[in-house]
Amino acid sequence: MPVKFADRMSTVHRSFIREILKVTEDASIISFAGGLPNPELFPVSDLEEAAVKVMRESGPQSMQYSTTEGFQPLRQYIADRYKEKKGIEVDADEILITSGSQQCLDLLGKVFLNAGDNVVIERPGYLGAIQSFSVFQSNFLTVGLEHDGPDLDELEKVLDENEAKMFYAVTNFQNPSGLTYSAEKRQGVADILKDRDILFVEDDPYGELRFMGDFEKPVVRGYLEDNGILLGSFSKVAAPGFRLGWMVCGGEMRDKLIIAKQASDLHTSTFAQRVMHQYVIDNPLDNHIEKIRERYGNQRAAMVKAIEEYFPAEAKVTRPEGGMFLWVTLPEGMSSMDLFDEAIKNKVAFVPGRPFYVDGSGENTFRLNFSNSDEEHIVEGIKRLGAGIKDFLSKE
């Protein structure tokens, strides 16, 4: 007897990256595919101590059901950090703790999106958002990225010609491109959106991973007041396995999102929240982030240097000042999917770019992750990949 699935599942597919990661389980493959933090930098011993302290001091409470909004001291810590690091006033009551920032996307879809609603995303766009919003049968409108953020003329044109419910963007070290919005582009986006009935969702999982350049980047939500929602996560600065993210929003939007979360999972893990809070109050987070910045900065430098040595000049590569990714654009007509098949034979992996484009373009692009490989493997992997690209170009 055939199973009758919901209509929405006909338009949603398995995560392309998750499927690729299965291929890279072979330990002999040098993988630049996953968007994985470096596990050597996880604060295992400090988190262990925090967990023991939580169990000893508040064991029964840490194992009990809790409020949907999240552990109040952790929300207050996040609010205080926004004021300290970003100079914006955020009330702890505006923060909703989620099971990773991916749950933020799911809740946003449930609360704001009807089938057929237009969602504006970057081109290329974050694959996790594409997959999540696709569940709600959204229609995607895309805006191209320039070296310092979105093409503002294109954004304005898209919004003039279409009624859009939401604009989702990763403003710092964007996944997959690694690009960051300049202060001018942030102000420009806000100016375009401020008089329109559209929600701006600013996803910022990588913002604290800046290891060079200008550290002072304004938060777009600061210009938009009630029409902006800000997403954050502990996954890239502490431990992704804890699945702790948050969203900043107020008023009626917050109330509706709380209802949606109650229907999803009641609340995020009480124990995980209390352990993370204990960890950040016992161990200055800035000290740990500085270690991440130093390591990732060295790994990024190693990858850029190797690319300059081993990639042909025809391959254009972004040079981000932070985050976890580089973005490669090959000559027109060259397929990164075909290159991937050959690269796997040479024991090196990356993520082809086409899945990041909802319009089917991006065939000649791909993403490289530098955070999860040591410098020796980075150089060797780029050397292999460069040889493969040169071989493909010689056949053109």
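Everything below is about the structure shown above.
Cut-offs and rules
Numbering of residues starts from 1 in every chain and runs along the sequence as written. For this predicted model, a pLDDT threshold of at least 70 governs which residues receive local features, and a threshold of 80 or more governs which side-chain atom pairs are given and counted, while totals over whole chains, interfaces and linings are taken from all residues. Processing note: side-chain calculations cover all non-hydrogen atoms of the structure and skip hydrogens and water entirely. Helix and strand assignments follow DSSP, with helices taken as H or I runs no shorter than four residues and strands as E runs no shorter than two, numbered in order from the N terminus. Put simply, the radius of gyration uses C-alpha atoms, and a globule should come to 2.2 Å times the residue count raised to 0.38. The cut-offs for exposure are 20% and 50% of the maximum accessible area for each residue type, with area from a 1.4 Å probe on protein chains only; residues under the lower value are buried, those over the upper are exposed, and the others partly exposed. Only four residue types enter the tally: Lys and Arg on the positive side, Asp and Glu on the negative side; His and the chain ends are excluded. To locate a charge, take atom NZ for lysine, CZ for arginine, CG for aspartate or CD for glutamate. The pairing criterion is simple: DSSP has to find at least two bridges between the two strands. Contacts between residues were defined by any pair of non-hydrogen atoms, one from each residue, lying within 4.5 Å. Lines fitted to the C-alpha atoms define the axes, with helices restricted to the stretch that makes contact. Angles between their N-to-C directions range from 0 to 180 degrees. Centre distance within 6.5 Å is the pairing criterion for rings of Phe, Tyr and Trp, where only the six-membered ring of Trp is used; planes under 30 degrees apart are then read as stacked, over 60 as edge-to-face, and the remainder as tilted. Throughout this description, any angle smaller than 35 degrees is read as roughly parallel, any larger than 145 degrees as roughly antiparallel, any in the 65 to 115 degree range as roughly perpendicular, and the remainder as oblique. Should the near helix be turned counterclockwise from the far one by less than a right angle, the crossing is left-handed, whereas a clockwise turn marks it as right-handed. In the scheme used here, Gly and all other residues not listed as nonpolar or charged are polar, with Ala, Val, Leu, Ile, Met, Phe, Trp, Tyr, Cys and Pro taken as nonpolar and Asp, Glu, Lys and Arg as charged. Any carboxyl oxygen of Asp or Glu that lies within 4 Å of a side-chain nitrogen of Lys or Arg is treated as forming a salt bridge with it. Buried Ala, Val, Leu, Ile, Met, Phe, Trp, Tyr and Cys residues form a nonpolar core when they are joined through side-chain atoms within 4.5 Å.

### Details of the overall build of the protein chain
The helix and strand inventory of the protein chain stands at 13 helices and 14 strands. Taken over C-alpha atoms, the radius of gyration comes to 21 Å for the protein chain, in line with the 21 Å a tight globule of 396 residues would show. Classification of the 396 residues of the protein chain by burial places 56% in the buried group. In the protein chain, 44 positive and 63 negative side-chain charges are present, and the distance between their average locations comes to 4 Å.

### Some words on the sheet that holds strand S9 (residues 245–248)
If you walk across this open sheet you meet the eight strands as S2-S9-S8-S7-S6-S3-S4-S5, and the pairing is mixed. At either margin of the open sheet sits one strand with a lone partner, and together these are strand S2 (95–98) and strand S5 (149–150). Relative to the sheet, helix H3 (residues 72–86) contacts S2, strand S8 (228–233) and S9, its axis offset from that of S2 by approximately 120°.

### Quick look at the packing of aromatic side chains
Applying the stated criterion to the full structure yields nine aromatic pairs. With a centroid separation of 5.9 Å and 80° between ring planes, the pair formed by phenylalanine 133 and tyrosine 168 is classed as edge-to-face. Linking phenylalanine 133 in helix H5 (residues 127–134) with tyrosine 168 in strand S6 (residues 164–170), this pair joins segments that are 35 residues apart in sequence. As far as burial versus exposure is concerned, phenylalanine 133 and tyrosine 168 are alike and both buried. Note on phenylalanine 211 and phenylalanine 370: the rings are 6.3 Å apart at their centroids and 70° apart in plane angle, and the pair reads as edge-to-face. You can see phenylalanine 211 sitting in the loop between strand S7 (199–203) and helix H8 (221–224) and its partner phenylalanine 370 sitting in the loop between strand S14 (365–369) and helix H13 (375–395), a full 159 residues away along the chain. Classification of phenylalanine 211 by relative accessible area gives buried; the value is 19%. An aromatic cluster is present here, built from Trp327, Phe356 and Tyr357 joined pairwise through their rings.

### A word on the packing of helix H12 (residues 336–345) against H13
Helix-helix packing is described using two parameters, namely the angle between the two axes and the distance between the axes. Contact pair H12 / H13: the axes reach a minimum separation of 10 Å and the direction vectors enclose 130°. Taken together, the axes of H12 and H13 are oblique relative to one another. Taken as a pair, H12 and H13 cross one another with a handedness that is right-handed. For the pair H12 and H13, contact is made by Asp338, Leu339, Glu342 and Ala343 and by Leu385, Gly388, Ile389 and Phe392, respectively. In terms of residue class, the contact of H12 with H13 is made up of five nonpolar, one polar and two charged.

### Regarding the side chain of threonine 68
If you trace the backbone, threonine 68 turns up in the loop between helix H2 (44–62) and H3. Overall, the relative accessible area of 8% leaves threonine 68 in the buried class. Among all residues touching threonine 68, those that are not within four sequence positions of it are Leu96, Ile97, Ile258, Lys261, Gln262, Leu266 and His267.

### What to know about the environment of alanine 115
By the element assignment, alanine 115 lies in the loop between helix H4 (101–112) and strand S3 (118–123). Alanine 115 sits in the exposed class, given a relative accessible area of 56%. C-alpha separation for the pair alanine 115 and phenylalanine 133, spaced 18 residues apart in sequence, amounts to 10.0 Å. Leaving out residues up to four positions away in the same chain, alanine 115 has contacts with Phe136 and Gln137.

### Here's the deal with the pattern of salt bridges
The tally for this structure, following the rule as stated, stands at 25 salt bridges. The partner of lysine 83 in a salt bridge is glutamate 89, and the shortest N-O contact between them spans 3.3 Å. Overall, glutamate 89 belongs to the exposed group, its relative accessible area being 61%. Between lysine 185 and aspartate 148 there is a salt bridge; the shortest N-O distance is 2.8 Å. Taken together, the residues span a long stretch of sequence, with lysine 185 in helix H7 (residues 183–193) and aspartate 148 in the loop between strand S4 (139–146) and S5 at a distance of 37 residues. With respect to class, lysine 185 is no different from aspartate 148; both count as buried. The structure contains a network of salt bridges with shared partners spanning Arg81, Glu84, Lys85, Glu208 and Asp286.

### So, the environment of serine 99
Looking at the element boundaries, serine 99 is found in the loop between S2 and H4. For the pair serine 99 and threonine 268, spaced 169 residues apart in sequence, the C-alpha to C-alpha distance is 5.4 Å. Those residues in contact with serine 99, other than ones at most four positions away along the chain, are Arg243, Lys261, Asp265 and Thr268.

### Examining the nonpolar core
In this structure, Phe311 and Leu368 are the most contacted members of the largest nonpolar core, which totals 104 residues. If one sorts the elements of this core by residue count, helix H11 (residues 285–310) sits on top with ten residues. Apart from residues no more than four positions distant in its own chain, leucine 368 is found in contact with Phe32, Met303, Ile307, Phe311, Met324, Phe325, Leu326, Val328, Phe350, Ile382 and Leu385. With 20 residues, the next largest nonpolar core counts Val143, Leu159, Val189 and Ile198 among its residues.

### Let's talk about the sheet that holds S14
Strands sit in the order S10-S11-S14-S13 across an open sheet of four strands; the sheet is antiparallel. Edge positions in the open sheet fall to strand S10 (316–317) and strand S13 (351–352), since each of these has one partner strand only. Where S13 and S14 come together, two bridges link them in antiparallel fashion. Bridge pairing links proline 352 to phenylalanine 366 in S14.

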